Amino acid sequence: MSGAMKFSGYLKVRIGEAVGLQPTRWSLRHSLFRKGYQLLDPYVTVSVDQVRVGQTSTKQKTNKPTYNEEFSATVTDGHQIELSVFHDTPIGYDDFVANCTLHFQELLRSAAPSDTFEGWVSSCSPEEKPGELLWE
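What you see is a predicted model, and the numbers here were worked out from it, not measured in a lab. (Residues numbered from 1 in each chain as written. Predicted model: local features only at pLDDT ≥ 70, side-chain atom pairs only at ≥ 80, totals over all residues. Heavy atoms only, no water.)

A. Expanded view of the packing of aromatic side chains. Inspection of the entire model under this criterion finds three aromatic pairs. Aromatic pair Y43 and F86: ring centres 5.6 Å apart, planes at 20°, arrangement stacked. Linking Y43 in strand β2 (residues 42–48) with F86 in strand β5 (residues 80–87), this pair joins segments that are 43 residues apart in sequence. For F86, a relative accessible area of 17% translates into the label buried. Between F86 and F96, the aromatic rings sit 6.0 Å apart at their centres with planes inclined by 75°, giving edge-to-face as the arrangement. Taken together, the residues F86 in strand β5 and F96 in strand β6 (residues 95–103) connect sequence positions 10 residues apart. Ring-pair connections join several aromatic residues into one group, and the members of that group are Y43, F86 and F96. (Phe/Tyr/Trp six-rings, centres within 6.5 Å; stacked < 30°, edge-to-face > 60°. Helix = DSSP H or I, 4+ residues; strand = E, 2+ residues; numbered from the N terminus. Buried < 20%, exposed > 50% of the residue type's maximum accessible area, 1.4 Å probe, protein only.)

In structure tokens:
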């Protein structure tokens, strides 16, 4: 990642909502609704360079959760932000649903003069079923 722009400063992320979330085949492994439509209990984690800086609350039985939750962190020489969506399971490890990676270099290039970025980001599940997540 040499030559990549790094970010140092105060980061504030607001997770707005997610739409189009779909369960993966793995998350359906114990479901009685394998062939039907299944609602998730999703939450979103926010990480900077693989260090978790926040996690939303879990929203029950929805594939289009609304969060409106904010997280902030001081970042030194940051390269990327990762937003990951998980399905909260009652037993065992939570199921991965989707994620996306945002590089500070791209965000800083596209930022308005107010030094903020707001928009929808697409995520891809392991089975390439896109979902979208609103953040600013």
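B. Representation of the side chain of S84 within the structure. Counting through the fold element by element, S84 comes out in strand β5. Within the structure, S84 has its side chain in polar contact with the side chain of E82 (distance 3.5 Å). Setting aside chain neighbours within four positions, we find S84 in contact with Y43, V44, T45, A98 and N99. (Polar contact = N/O pair within 3.5 Å; in protein donor to acceptor, adjacent residues only side chain to side chain. Contact = heavy atoms within 4.5 Å.)

C. Quick look at the confidence of the model for the protein chain. Averaged over all residues, the pLDDT of the protein chain equals 80, while 71% of them reach at least 70. Highest mean pLDDT in the protein chain belongs to strand β3 (residues 51–55) (96); lowest belongs to strand β8 (residues 130–135) (51). (pLDDT = per-residue confidence, 0-100.)

D. Structural context of the pattern of salt bridges. Counted by the stated rule, this structure contains one salt bridge. One salt bridge in this structure joins K12 and E70, with 3.9 Å as the shortest N-O distance. You can see K12 sitting in strand β1 (residues 7–19) and its partner E70 sitting in strand β4 (residues 66–78), a full 58 residues away along the chain. What makes K12 partly exposed here is its relative accessible area of 48%. The class of E70 is partly exposed, set by a relative accessible area of 48%. (Salt bridge = Lys/Arg side-chain N within 4 Å of Asp/Glu carboxyl O.)

E. Quick look at the nonpolar core. In this structure, L11, I15, V46, I81, L83 and F104 are the most contacted members of the largest nonpolar core, which totals 22 residues. Every element with two or more residues in this core is listed here: β1, β2, β4, β5, β6 and α1 (104–110). Top element by residues in this core is β1. It accounts for five residues. (Core = buried A, V, L, I, M, F, W, Y, C linked by side-chain atoms within 4.5 Å.)

F. Broad picture of the pairing of β2. Of all seven residues in β2, seven are buried; the element is thus mostly enclosed. Taking every second residue as pointing to the same face, both faces of β2 are buried, with P42, V44, V46 and V48 on one and Y43, T45 and S47 on the other. Judged from the seven bridges that link them, β2 and β5 form a sheet pairing that is antiparallel. Within the sheet, the bridge partner assigned to V48 lies in β5 and is I81. Between β2 and β3, which pair antiparallel one after the other, the connecting turn spans two residues, and D49 there sits at a positive phi close to 50°. (Pairing = 2+ DSSP bridges.)

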